[in-house]
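Chains, contacts and geometry: an overview
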Amino acid sequence: MFKSLLKAPNLIILRQPCQKCTNLRKSPFRAYSQDPGEQMRQANKKRLRSTLYYFTATGVVTLGMSYAAVPLYRMFCQAYSYGGTTVEGHDSSKVESMQADRNRPIRVRFNADKAANMRWNFSPQQTEITVFPGETALAFYTAKNPTDCSVVGISTYNVIPFEAGQYFNKIQCFCFEEQMLNPHEQVDMPVFFYIDPEFTEDPYLENCKEITLSYTFFEAKDGFKIPVPQYTK
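Residues numbered from 1 in each chain as written. Predicted model: local features only at pLDDT ≥ 70, side-chain atom pairs only at ≥ 80, totals over all residues. Heavy atoms only, no water.

1. Thoughts on the side chain of Ser155
Note on placement: Ser155 falls in strand β5 (residues 151–160). Each residue touching Ser155, except ones within four places of it in the same chain, is listed here: Phe174, Cys175, Phe176, Tyr215, Thr216 and Phe217. (Helix = DSSP H or I, 4+ residues; strand = E, 2+ residues; numbered from the N terminus. Contact = heavy atoms within 4.5 Å.)

Structure below.
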């Protein structure tokens, strides 16, 4: 009977599986070239490196912008008289030829402020002066370092009302420049300026009889970033 079964055409002979197949069924993860745990660790390392590169680049850009903030803000404000900032880069020929309008006296008030951490004493030498559009004028501020160490300061300024900023031209000023005062040193800081005669032709300033020029001093330290007024954001 056994011989007849071997001769049967549809007979399927079940052979014993090879050792290699048996091992694959018992340990399916051996088909991978790398352990999944190792793959996960490598992926985590790659993400950490990418995050580190990102924050490093962000820090470099932020540091560069902090150093550029003062000159960029100064150029923008002085070019467009934004937020009451006075205009720089006056036309010297216009200064020589302009005529004062004696029919429109303007009272210019002077204000001095300083940041909470600023150790200087800072104040205007005059409370106010009266000027005419088309006339140059000179005013002074006084700064004193009452401490026993050198202190470096830097100032910003603006004009109120803001609309008058485009007509308030300074010929000489101490703003946006670092000033170092030695222990107990005192200096006089001049402001040489004029109000453009076109001030009288602006309908928005028809009833304006008073302008306030305000300076604020900050202590300039390493990494200092000059504050930008809210109206510029």
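2. Side note on the environment of Phe217
Mapping Phe217 onto the fold places it in strand β9 (residues 210–219). Given a relative accessible area of 0%, Phe217 falls into the buried group. Considered as a pair, Phe217 and Ala143 are 74 residues apart in the sequence and their alpha carbons are 9.6 Å apart. Leave out the neighbours within four places in its chain, and Phe217 touches Asp113, Lys114, Ala115, Met118, Trp120, Phe122, Gly153, Ile154, Ser155, Phe174, Gln179 and Met189. (Buried < 20%, exposed > 50% of the residue type's maximum accessible area, 1.4 Å probe, protein only.)

3. Details of the nonpolar core
Membership of the largest hydrophobic core comes to 37 residues, with the highest contact counts inside it found for Tyr141, Phe193, Ile195, Phe199, Ile211 and Tyr215. Put simply, the parts of the chain that give this core at least two residues each are β1 (106–114), β4 (136–144), β5, β8 (186–195) and β9. The greatest single-element share of this core, amounting to five residues, is contributed by β9. Beyond its immediate sequence surroundings of up to four residues, Tyr215 is in contact with Asn111, Ala112, Asp113, Phe122, Tyr141, Ser155, Thr156, Tyr157, Cys173, Phe174, Cys175 and Val191. (Core = buried A, V, L, I, M, F, W, Y, C linked by side-chain atoms within 4.5 Å.)

4. Thoughts on the sheet that holds β8
Overall, antiparallel pairing links the four strands, which are arranged β2-β4-β8-β6 in an open sheet. Only two strands of the sheet have a single neighbouring strand rather than two, namely β2 (121–124) and β6 (168–172). Along the sheet, successive strands turn relative to each other by an average axial angle of 30°, direction set aside. (Pairing = 2+ DSSP bridges. Axes fitted to C-alpha atoms, helices over the stretch in contact; angles between N-to-C directions.)

5. Comments concerning the sheet that holds β9
Ordered in space as β3-β1-β9-β5-β7, the five strands form an open sheet in which the pairing is mixed. At either margin of the open sheet sits one strand with a lone partner, and together these are β3 (128–131) and β7 (179–181). Along the sheet, successive strands turn relative to each other by an average axial angle of 30°, direction set aside. Where β5 and β9 come together, eight bridges link them in antiparallel fashion. The partner of Tyr157 across the bridge, within β9, is Tyr215.

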